[in-house]
Structures are given as structure tokens and as C-alpha cells.
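# Observations on chain architecture
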Amino acid sequence: MGWSKSVATMAVWGCPARYFTPSLRIVICTLFVLAAPLFGGVNMLMIRGRPVVDGVYVNHHGPYRFMVDTATTFNHIEAGLARSIGLNETFRSELTSSLGIIPVSGGDGVEVALGSVQADQQTFLFAGMEAVHQLSPDIQGILGQAFLSRFDYLLDLHARRLEFGPLQPSSKGTQVPFRNLHGRPVVSTSLGELAVDSGVDWVILFGIEGSDMGRRLITMAGSAAVASVFSKLRIEGRTFWRGDAVALRRAAEGDIAGLLPISVFRAVYICNSQGYAVFQ
């Protein structure tokens, strides 16, 4: 078991994006994308704008209910559940949110299966679930980019389906290239470079002054009142959303302008094999 200082921000009610320092981020960089055609998918629940799936198997144990979070680097699982299915602690780290730092432990070399797809050599953090349980106490884990980056996939919010494989030729939408930042897809928008984040339900902008909106940001390390600022979201000249975005005065991450929730779209397709996203 090793000790590694790492950083990851984690929140549920409008959260700064999650990331780790290079010592752990190398795990993501060495993952491969399954570019061969894959077919099939699973139904999704939408809980306060976040996609949740049933039928996740961890080392052949399950089925479990997990949230799908495109802006979380690693997977997360309840600590008690991890112990009960024999997941071993192989490292310790620090998980940093915009409101503080907490120690975490985790394990790697785990196999995950969902529907017709599976991925091995997965990394899990045995933490991060307290805030998620405020969303729903039935959620037992989070599927992050450690799993998602292995596939091309469609998050269809209208049909409430998570589909793996190539996008159907008849599908329409706005296609835009993305860059990988700490394993997460980041796209250029009228509001700056935003991380595509299925774990939030607000557009969140960093380093922006705003007016009090009477709501609170909740993270694993605490909570704080947040402000709002009226914004208009355009991608490739197409307006997708306008309304009050969460304004965080402190820039949680210096290399992106904020977080882009998938809940402002009908569907989002992430093509990891070719490096582009399609927004519908």
C-alpha cells in the first residue's frame, strides 16, 4: 500500500470538476479506447439532472446502482461495500474540494461490468459517497472516466438510455472536438473552456462575481452559499441554453472556465476513439 498526495474536487449540488495530480493521473492516460463497434446499452434514471444506472458489477459482485459522472477521474464506491466484496486498499491520497481537503484510500486492478461492456484494471476511491447520498441514499458508487474513457457512448436524456458504440448515422447534433484534461472531455463554448460534467445540474463558472442566489454548494468537505450570473451558452454558434449560472468567485481550476452539465441537452455523445462530442 503506497501513499500518494493527489487532488480531486468533489461535489454534488453544482460541483467543481474532479482531478488528480500526475502521479495518479497516469492511470487514465494509459487506458485504451475500445474503438471496435460495440452495441447495446442500459436504461438510465435521471435523479435531479444526474444519470444513474442499475446493473453495475464490481469484480462479479452486484448488481449495484451507480451514478455516471463524466467529470470524475476515477470511480468511487461506498467504503463498507468495498470491504464487503473484498476490495483491497492499495493507495492513500488526499481528495480536495473547493471547501477543504479530506484523506481517502482506494484500490486498483478492479473489474467493472455494465450491460454488454466490461473494463478491467479499474481504480476506485473508497470515499466520496456522503455527498452523493444526499442526492439519493440508494446510489452505491460512481462510474468516472476510468471506466467511461474506455468506450464511445451516448447519454440520451430524452430516452433515458446509456448506449455504447457508434452514433447512429441518422442522429443529428452539433459536433465539436474535445481535449482531454485529467481524463475529462473539455469543449470550447461561448463561456470558455468547459468540462462536460454529468455530475452537476447547473452551469458553473469559475472566477466570476455574481449576485446571491440563495442556494448552497455542497461538497464532501462542507458547504457554502453560491452566487449566480445570467449567461448564454453557445457551441459552434448554436445557442443551447440561457439562464442563471452558478458563479464561483474563486477559480477552482485555472485551466478551465467551468463545468457544463449534460442536463441542458437532449443527448450528449462522447466519441473517445476520435476525440469529439456531439450535442443534441
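Residues numbered from 1 in each chain as written. Predicted model: local features only at pLDDT ≥ 70, side-chain atom pairs only at ≥ 80, totals over all residues. Heavy atoms only, no water.

With that settled, consider the overall build of the protein. The helix and strand tally for the protein stands at four helices and 22 strands. Expressed as a percentage of the 280 residues in the protein, the buried residues total 56%. Taken as a whole, the protein presents about 11,300 Å² of accessible surface, with 50% of it coming from carbon and sulfur. (Helix = DSSP H or I, 4+ residues; strand = E, 2+ residues; numbered from the N terminus. Buried < 20%, exposed > 50% of the residue type's maximum accessible area, 1.4 Å probe, protein only. Areas by Shrake-Rupley, 256 points an atom, 1.4 Å probe, with all protein chains shown as cover.)

It is worth spelling out the nonpolar core at this point. Nonpolar side chains tend to gather and get buried jointly when the protein is soluble and globular. In terms of nonpolar packing, the biggest core is built from 50 residues, with Val58, Ile77, Phe147, Leu162, Leu260 and Phe279 touching the most fellow members. Leaving out residues up to four positions away in the same chain, Leu260 has contacts with Val187, Leu194, Ala195, Val196, Asp197, Leu233, Ile235, Phe265 and Phe279. In terms of nonpolar packing, the next biggest core, distinct from the first, is built from twelve residues, Val186, Val200, Ile204 and Val246 among them. (Core = buried A, V, L, I, M, F, W, Y, C linked by side-chain atoms within 4.5 Å. Contact = heavy atoms within 4.5 Å.)

Attention shifts here to the pattern of salt bridges. Following the criterion strictly, the structure yields six salt bridges and no others. Of the charged contacts in the structure, one is a salt bridge between Arg65 and Asp54, with a shortest N-O distance of 2.6 Å. Of this pair, Arg65 sits in strand β4 (residues 61-68) while Asp54 sits in strand β3 (residues 50-58), placing them eleven residues apart in sequence. (Salt bridge = Lys/Arg side-chain N within 4 Å of Asp/Glu carboxyl O.)

By the secondary structure assignment, Gly128 is in the loop between β8 (117-125) and α3 (129-135). Along the sequence, Gly128 and His76 sit 52 residues apart, while their C-alpha atoms lie 6.6 Å from each other.

Moving on to the side chain of Arg150. Following the sequence through the fold, Arg150 ends up in the loop between α4 (145-148) and β10 (153-156). Of note is the side chain of Arg150, whose polar atom sits 2.6 Å from the backbone oxygen of Asp120. (Polar contact = N/O pair within 3.5 Å; in protein donor to acceptor, adjacent residues only side chain to side chain.)

On average, the protein scores 84 in pLDDT, and the residues at 70 or more come to 80%. Low pLDDT (under 50) marks residues 1-38, which in the prediction has 148 contacts with non-local residues, meaning those over four places away or in another chain. (pLDDT = per-residue confidence, 0-100.)

Looking along a regular strand, one sees side chains alternate from face to face of the sheet. Bridge analysis of β3 against β4 gives four bridges, and the strand direction is antiparallel. Residue pairing in the sheet places Val52 in a bridge with Met67 of β4. Linking β3 back to β4 in an antiparallel pair, the connection comprises two residues, with Asn59 at a positive phi of about 50°. Relative to strand β9 (residues 141-143), β4 runs parallel, the two being bridged by three bridges. (Pairing = 2+ DSSP bridges.)

With respect to the element layout, Ala267 can be found in strand β21 (residues 267-271). Residue classification places Ala267 among the buried positions, given a relative accessible area of 1%. Separated by 105 residues in sequence, Ala267 and Leu162 have C-alpha atoms that sit 9.8 Å apart.

Looking now at the packing of aromatic side chains. Geometrically, a pair of aromatic rings is defined through the distance of the ring centres and the angle of the planes. The tally for this structure, following the rule as stated, stands at seven aromatic pairs. With 5.4 Å between their ring centres and 70° between their planes, Phe151 and Phe164 make a pair best called edge-to-face. Placement of Phe151 in the loop between α4 and β10 and of Phe164 in strand β11 (residues 161-164) is noted, with a sequence separation of 13 residues between them. Taken together, the ring pairs connect Phe147, Phe151 and Phe164 into an aromatic cluster. (Phe/Tyr/Trp six-rings, centres within 6.5 Å; stacked < 30°, edge-to-face > 60°.)

On to the side chain of Thr72, then. In this fold, Thr72 is placed in the loop between β4 and β5 (75-77). Thr72 sits in the buried class, given a relative accessible area of 1%.

The subject of this paragraph is the environment of Thr189. Mapped onto the elements, Thr189 comes out in strand β14 (residues 184-189). It is 8.8 Å that separates the C-alpha atoms of Thr189 and Gly237, two residues lying 48 residues apart in sequence. Residues contacting Thr189, with those up to four places away along its chain left out, are Leu194, Leu233, Arg234 and Ile235. Within the structure, the side chain of Thr189 is placed 2.9 Å from the backbone oxygen of Gly192, a separation counted as a polar contact.

Okay, the pairing of β11 next. Going residue by residue along β11, you find Leu162 and Phe164 tucked away on one face and Arg161 and Glu163 left uncovered on the opposite face. Examined bridge by bridge, strand β2 (residues 41-47) and β11 share three bridges and lie antiparallel to one another. Bridge pairing in β11 links Val42 to Leu162. Counting the residues that bridge the hairpin from β10 to β11 gives four residues, and of these Arg160 lies at a positive phi of roughly 55°.

To continue, consider unusual backbone geometry. Of note, the bond from Gly62 into Pro63 is cis; its omega dihedral lies within 30 degrees of zero at 5°. In this structure, Asn59 takes a positive phi of about 50° despite not being glycine. The topology assignment puts Asn59 in the loop between β3 and β4. Located in the positive-phi region is His182, a residue other than glycine, with phi close to 55°. Note that His182 resides in the loop between β13 (179-181) and β14.

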